Amino acid sequence: IRERLRSRGLGDVYKRQVFITPQYLSRLFGRFLGCSAYEYLTVYRINKAKEFLLTFPRMSVQDIAQRVGFTDASHFIASFKKMTGLTPLEFRKLN
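Below, the structure is looked at part by part. (Residues numbered from 1 in each chain as written. Predicted model: local features only at pLDDT ≥ 70, side-chain atom pairs only at ≥ 80, totals over all residues. Heavy atoms only, no water.)

## Concerning the nonpolar core
Move 1: Grouped together as the largest cluster of nonpolar side chains are 13 residues, with contacts concentrated most on A49, I64, V68, F70, F76 and F80.
Move 2: For this core, the elements supplying multiple residues, two or more each, are α3 (37-55), α4 (61-67) and α5 (73-84).
Move 3: For this core, the element with the most residues is α3, which contributes 4 residues.
Move 4: Setting aside anything within four residues of it in sequence, one finds A49 in contact with I64, V68, F76 and F80. (Core = buried A, V, L, I, M, F, W, Y, C linked by side-chain atoms within 4.5 Å. Buried < 20%, exposed > 50% of the residue type's maximum accessible area, 1.4 Å probe, protein only. Helix = DSSP H or I, 4+ residues; strand = E, 2+ residues; numbered from the N terminus. Contact = heavy atoms within 4.5 Å.)

Here you go:
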């Protein structure tokens, strides 16, 4: 996942590497991790974004969004706020 952070989704990438369908991958995520592959990837991306926000205080939110795999900064901000209760800039200021 770290190597494919900027990829749009896990399904196509991993079906070629481990020879399973995206649907089966999703079922495995649900069974063993208790969430969908999409949810897992979103949590991973938001956690990486937190690292970037704290490590690189001058990096723009748009650049961080792109680096962690969001193609749209507004979707990134909404996802970040939904997960943390704060916008990325609020998170940065509090930490």
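What follows continues from the structure just given.
## Concerning the pattern of salt bridges
Move 1: Tallied over the entire structure, the rule returns 1 salt bridge.
Move 2: Among the salt bridges present, the one from E51 reaches K48, with a minimum N-O distance of 3.2 Å. Remark: K48 and E51 occur in helix α3; sequence separation between them is 3 residues, near one turn of the helix. (Salt bridge = Lys/Arg side-chain N within 4 Å of Asp/Glu carboxyl O.)

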